[in-house]
Amino acid sequence: MSELIDGLPHAVALQCLARVPFYSHPNMQLVCRSWRAAVRSSELFKTRNELGASEELLCVCTYDPENLWQLYDPLKDMWITLPILPSEIRHLAKFGIVSTGGKLFVLGGGSDAVDPGTGDHYGIFATDEVWCYDPILRQWTQRASMLVPRAMFACCVLDGKIVVAGGFTNCRKSISKAEIYDPDKDVWIAIPDLHLTHNSACSGMVIGGKVHVLHKGLSTVQVLENSMLQWAVVDYGWLQGPTAFVRGEPYVLSHGIIFKQEKEPRPKRVVASASEFQSRIGFAMIGIGDELYMIGGVIGPGRWNLDIKPLSDVDVLTVMSDRPSWRQVAPMTQCQGTILGCTVLKI
């Protein structure tokens, strides 16, 4: 019999605990030592995955407050503030952000701090630091550094491992170097370089089990072929703009309209109007479940208004419905303004 619940086998008791939503985990840890150990175990995370009881939480960092992250729980429509990221780099920005194995990873980047006297940027342009946040233990730990310092680079998760590619080591030098990280072994390994570099930031995404690296302003995409770990260059003719995935399908915001991206050269499918976001800059767009989330950003100065207004708003579009419509959910409680990092944490 199990120590977790009297009269139940351990496996059955663990399944019962695995079905308890994440927002109740702090209270579960107060019940007894065995429950606390179970909640903090990788066994519970694995069981939640097997039962389909995993939850998706939204992770967001903005310029203000400095190095502060918040988690959004869609089930409770509630924001949770995390401990401050303990990096010594002021206003860490231009970093890579992913989640895997129920943990949040913040990689690389550099300082976006501004000298209040001159308005000039100062500090480190690119770092090799890697930070990991455990939402159960509620603590940050530093992991093995990347092989190459980088900022504004592609970063995504492939089969539980983190792939980074491209980016900049300083403001004038873009790089083609790529590497892969195993979170279980805490080890980085170099992989073949990208074929092309470009003097713009790049982003990474996984489509059909393959890593895709996109450079801002280019329609060509570099694809990592899994079996050979070689890069191929393809041109999908994709629209430019913020891109997010819903149920594995890419959606893009272009000219005030949400489109569904297609690999084939056929007309893009219009999903919904998003004209209200044309005056909003610095926001994040990301998919959770069947929905697109638009988070934060600022309202820039216009003809009749010279002020810059930082936003904590969160707007949601249900793209998978027959008649997609917008709604608002709880705004961020601490973060506001330009989004520096945003990802989905599955736990």
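Residues numbered from 1 in each chain as written. Predicted model: local features only at pLDDT ≥ 70, side-chain atom pairs only at ≥ 80, totals over all residues. Heavy atoms only, no water.

### Digging into the overall build of the protein chain
- Helix and strand counts for the protein chain stand at 4 helices and 31 strands.
- On C-alpha atoms alone, the protein chain measures out to a radius of gyration of 21 Å, which is about the 20 Å that the 2.2 N^0.38 rule sets for 347 residues.
- Here the C-alpha coordinates of the protein chain stretch approximately 65 × 50 × 45 Å along the principal axes.
- Residues classed as buried in the protein chain amount to 47% of the 347 residues present.
- Considering only residue pairs separated by 6 or more positions, the protein chain has 49% of its internal contacts joining residues 24 or more positions apart. (Helix = DSSP H or I, 4+ residues; strand = E, 2+ residues; numbered from the N terminus. Rg over C-alpha atoms; globule rule 2.2 N^0.38 Å. Buried < 20%, exposed > 50% of the residue type's maximum accessible area, 1.4 Å probe, protein only. Contact = heavy atoms within 4.5 Å.)

### Re the environment of P242
- For P242, the location among the structural elements is in the loop between β19 (230-235) and β20 (243-246).
- Look at P242 and you get partly exposed, because its relative accessible area is 35%.
- When the C-alpha atoms of P242 and V252 are compared, they prove to be 5.6 Å apart, with 10 residues separating the residues in sequence.
- Setting aside its immediate chain neighbours within four residues, P242 contacts Y251, V252, L253, F283 and M285.

### So, the packing of aromatic side chains
- Applying the stated rule across the entire model yields 8 aromatic pairs.
- Ring plane angle 45° and centroid distance 5.9 Å describe the contact between F277 and F283, whose orientation is recorded as tilted.
- Exposure remark for F277: the relative accessible area of 4% places this residue in the buried category.
- Consider the rings of F277 and W326, whose centres lie 5.1 Å apart with planes at 50°: the pair is tilted. With a gap of 49 residues between them, F277 in the loop between β23 (269-273) and β24 (280-281) and W326 in strand β30 (residues 326-329) connect regions that are remote in the sequence.
- The partly exposed category is assigned to W326, whose relative accessible area is 25%.
- Every member of this aromatic cluster is reached through a ring pair, and the members are Y72, W79 and Y293.
- One residue, K76, lies across the ring of Y23, its end atom 4.6 Å from the ring centre. (Phe/Tyr/Trp six-rings, centres within 6.5 Å; stacked < 30°, edge-to-face > 60°. Lys NZ or Arg CZ within 6 Å of the ring centre and 35° of its normal.)

### Structural notes on the side chain of T62
- On the secondary structure map, T62 appears in strand β1 (residues 56-64).
- Within polar-contact distance, the side chain of T62 engages the backbone oxygen of D64 at 2.6 Å.
- Once you skip the residues sitting within four places of it in the chain, T62 turns out to touch L68, M332, C335, Q336, G337, T338, I339 and L340. (Polar contact = N/O pair within 3.5 Å; in protein donor to acceptor, adjacent residues only side chain to side chain.)

### A look at the sheet that holds strand β26 (residues 291-295)
- Strand order in the open sheet made by the 4 strands is β25-β26-β29-β30, with antiparallel pairing throughout. Edge positions in the open sheet fall to β25 (284-288) and β30, since each of these has one partner strand only. Put simply, the sheet's adjacent strands are angled 30° from each other on average, direction ignored.
- Inspection of the sheet shows β25 paired to β26 by 5 bridges, in the antiparallel sense. Opposite I286, over in β26, you have Y293 as the bridge partner. (Pairing = 2+ DSSP bridges. Axes fitted to C-alpha atoms, helices over the stretch in contact; angles between N-to-C directions.)

### Some details on the pattern of salt bridges
- Inspection of every chain in the model, using the stated rule, returns 9 salt bridges.
- The salt bridge involving K94 is made with D112; its shortest N-O contact spans 3.2 Å. On the criterion of sequence distance, the pair formed by K94 in the loop between β4 (92-93) and β5 (96-100) and D112 in the loop between β7 (110-111) and β8 (130-134) is long-range, its members being 18 residues apart.
- Here R150 makes a salt bridge to E179, at a shortest N to O gap of 2.8 Å. Placement of R150 in the loop between β9 (139-142) and β10 (154-158) and of E179 in strand β14 (residues 178-182) is noted, with a sequence separation of 29 residues between them. Neither R150 nor E179 differs from the other in exposure class; each is buried. (Salt bridge = Lys/Arg side-chain N within 4 Å of Asp/Glu carboxyl O.)

In short, shape yes, function no, at least from these values alone.
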